Amino acid sequence: MNYRNLGNTGLKVGEIALGCEGFIGKTKAEADNMFALAFDGGINCMDLYSPNPDLQRLVGSAIKSGRHEFVLQSHMCTAWSNGQYRATRNLKEVKESFYLSLKNLGTDYLDVGMIHYVDSVALWDKIASGGIADFAQKLKREGVIRHIGLSSHNPEVALKAVESGIIEVLMFSINPCYDLLPGGEDCNELWADESYSKPLFNIDPVRERLYETCQRLGVGIDVMKVFGGGDLLTDNSPAGKALTPAQCIHYALTRPAVACVMSGVHSESELKASLAYESATDEERDYAAVFATFPKISWQGHCMYCGHCAPCPKGIDVATVTKFLNLAKAQGAVPETVREHYAALPSKGGDCIACGACEKRCPFGVPVIKNMAEAKKVFGN
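First, a word on scope: everything that follows refers to the structure included in this document. Numbers given for residues are sequential positions, taken from 1 along each chain in its written order. Where totals are concerned, whole chains, interfaces and linings use all residues; where local detail is concerned, this predicted model gives features only for residues with pLDDT of at least 70, and gives and counts side-chain atom pairs only at 80 or more. Just so you know, side-chain values use all the structure's heavy atoms and leave hydrogens and water out.

## Re helix α7 (residues 205–217)
The condition that has to hold: Secondary structure elements are taken from DSSP: a helix is a run of H or I of four residues or more, a strand is a run of E of two residues or more, and numbering for both begins at the N terminus. Expected span, for any helix, means 1.5 Å times one less than how many residues it has. Think of it in three bands: residues with accessible area under 20% of the maximum for their type are buried, residues over 50% are exposed, and the middle band is partly exposed, with areas taken using a 1.4 Å probe on protein chains only.
Between its first and last C-alpha, α7 extends 18 Å over 13 residues, near the 18 Å set by a 1.5 Å rise per residue. Along α7, the positions that sit buried rather than exposed are Arg207, Leu210, Tyr211, Glu212, Thr213 and Cys214. Just downstream of α7 lies glycine 218, where phi reads positive at about 75 degrees.

Take a look at the structure:
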């Protein structure tokens with residue numbers, strides 16, 4: 001397992017992490033077997049959004065022996081009523097449900113405490129200026145929550161939350177289909193057939209700005225919906241062609257600020273398919289070749305950080321240089337951390353000899369030579 005920094009939290013998480021959907025309704029024996037497989041594969045992180053008390057107890061039991069080595073991300077603003085989950089913004093319910101979840105989990109702290117499912121700007125404004133954000137910050141001061149997070153499907157909301165300075169971790173839905181769509185308050189539009197009825201071109205600019213802002217500010221992203229609820233793995237994919245688990249995971253992990261993918265597996269075979277990413281070949285991970293053949297979607301002219309441009313005869317890591325360039329352009333200036341990371345590269349944009357080999361290999365027609373020249377102008381050499 002490869003481990004990554006979760007933003008500036010100081011936590012290191014495996015690239016493959018666990019979502020909780022697949023554990024709902026499992027017996028203790030089934031859950032224990034799934035966790036044993038996860039631990040053997042090096043997984044050290046889980047997101048638990050459900051307030052289901054039986055599920056919380058199963059998870060608490062499974063991670064008990066290694067609790068302090070395990071990164072547990074769980075959600076506030078959820079409640080369990082009449083045997084069903086629901087989101088709540090009632091502060092009294094939020095507090096009661098939160099403390100009950102700690103009891104069920106058998107722990108006295110969360111590594112990441114998520115403010116749950118905020119897809120409306122108005123709702124975020126209410127949370128940020130009201131009791132829920134205050135409660136989360138109080139819990140952080142007390143050490144009950146080590147880091148505050150937010151889960152959202154709306155890039156406009158997520159960007160506002162990231163820029164507020166309140167959150168340190170963002171749980172966000174990322175995959176090559178959702179990334180093409182504009183933000184909205186109804187997450188159902190992300191998987192609605194009509195959203196993909198017309199050709200789509202390149203990443204939504206707000207989403208791109210969100211990822212780059214997270215990278216710049218040190219807000220770690222953990223990814224949900226990497227397989228689009230499984231749709232991207234079928235011939236009925238919104239893209240018009242099926243992807244593999246490795247391709248979906250690699251796409252998400254090559255976005256700026258992404259630390260891990262929460263795999264919502266329902267069976268041991270599905271978990272093994274996600275874990276297989278860690279031993280997959282470059283060819284098996286490669287999403288660019290299949291993206292270039294999608295009948296309904298185009299990323300023409302947009303760098304996907306896929307690495308097809310390599311190797312460069314001057315040793316330039318073109319994808320990384322381009323990523324730093326995009327971070328600077330998104331900010332309208334060069335953040336000091338980006339400048340330092342760029343300066344540490346062994347070969348830089350100014351080393352480009354304009355041979356054009358990279359552009360011939362790029363599946364998306366990216367003007368690499370132009371980008372390298374721009375990077376030299378922005379960063380110097």
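## Let's talk about the packing of aromatic side chains
The geometry of an aromatic ring pair comes down to the distance between the two centres and the angle between the two planes. Stated formally: Stacked, tilted and edge-to-face are the three classes assigned to paired rings of Phe, Tyr and Trp, where Trp is represented by its six-membered ring and a pair needs centres within 6.5 Å; plane angles under 30 degrees give stacked, over 60 edge-to-face, the rest tilted. The criterion for a charge sitting over a ring is simple: Lys NZ or Arg CZ within 6 Å of the ring centre, and within 35 degrees of the ring normal.
Tallying each qualifying case throughout the model produces twelve aromatic pairs. With a centroid separation of 6.0 Å and 80 degrees between ring planes, the pair formed by phenylalanine 39 and phenylalanine 70 is classed as edge-to-face. Highlighted residues: phenylalanine 39 in helix α1 (residues 28–40) and phenylalanine 70 in the loop between α2 (53–63) and β5 (71–76), separated in sequence by 31 residues. Relative to phenylalanine 379, the ring of tyrosine 342 lies with its centre 4.1 Å away and its plane at 15 degrees, an arrangement referred to as stacked. Taken together, the residues tyrosine 342 in helix α13 (residues 336–343) and phenylalanine 379 in helix α15 (residues 368–379) connect sequence positions 37 residues apart. In this structure tyrosine 342 comes out as buried when scored by relative accessible area, which is 2%. Here arginine 146 stacks its cationic end above the ring of tyrosine 109, 3.9 Å away from the centre of that ring. The ring centre of tyrosine 305 lies 4.8 Å from the NZ or CZ of lysine 323, which sits over that ring.

## Some words on the state of the cysteines
Quick reminder of the rule: In plain terms, two cysteine sulfur atoms within 2.5 Å form what is called a disulfide here.
A complete count under the given rule lists zero disulfides for this structure. Cysteine cysteine 20 is unpaired, with the sulfur of cysteine 45 as its nearest cysteine sulfur at 12 Å. Looking at cysteine 355, it has no disulfide partner, and the nearest cysteine sulfur is the one in cysteine 358, 5.9 Å off.

## Let's talk about the packing of α2 against helix α3 (residues 91–105)
Defined as follows: Axes here refer to lines fitted to C-alpha atoms; in helices the fit is confined to the stretch in contact. Angles between the N-to-C directions go from 0 to 180 degrees. Every angle not falling under 35 degrees, over 145, or within 65 to 115 is termed oblique; those three ranges are roughly parallel, roughly antiparallel and roughly perpendicular. By definition in these notes, contact holds between two residues if any of their heavy atoms fall within 4.5 Å. Charged residues are taken to be Asp, Glu, Lys and Arg, nonpolar residues to be Ala, Val, Leu, Ile, Met, Phe, Trp, Tyr, Cys and Pro, and polar residues to be all remaining types, Gly included.
Contact geometry for α2 and α3: axes closest at 7 Å, N-to-C directions at 45 degrees. For the element pair α2 / α3, the angle class is oblique. The residues of α3 that touch α2, namely those facing Pro53, Gln56, Arg57, Val59 and Gly60, are Leu100, Ser101, Asn104 and Leu105. Residue composition of the contact of α2 with α3, grouped by class: four nonpolar, four polar and one charged.

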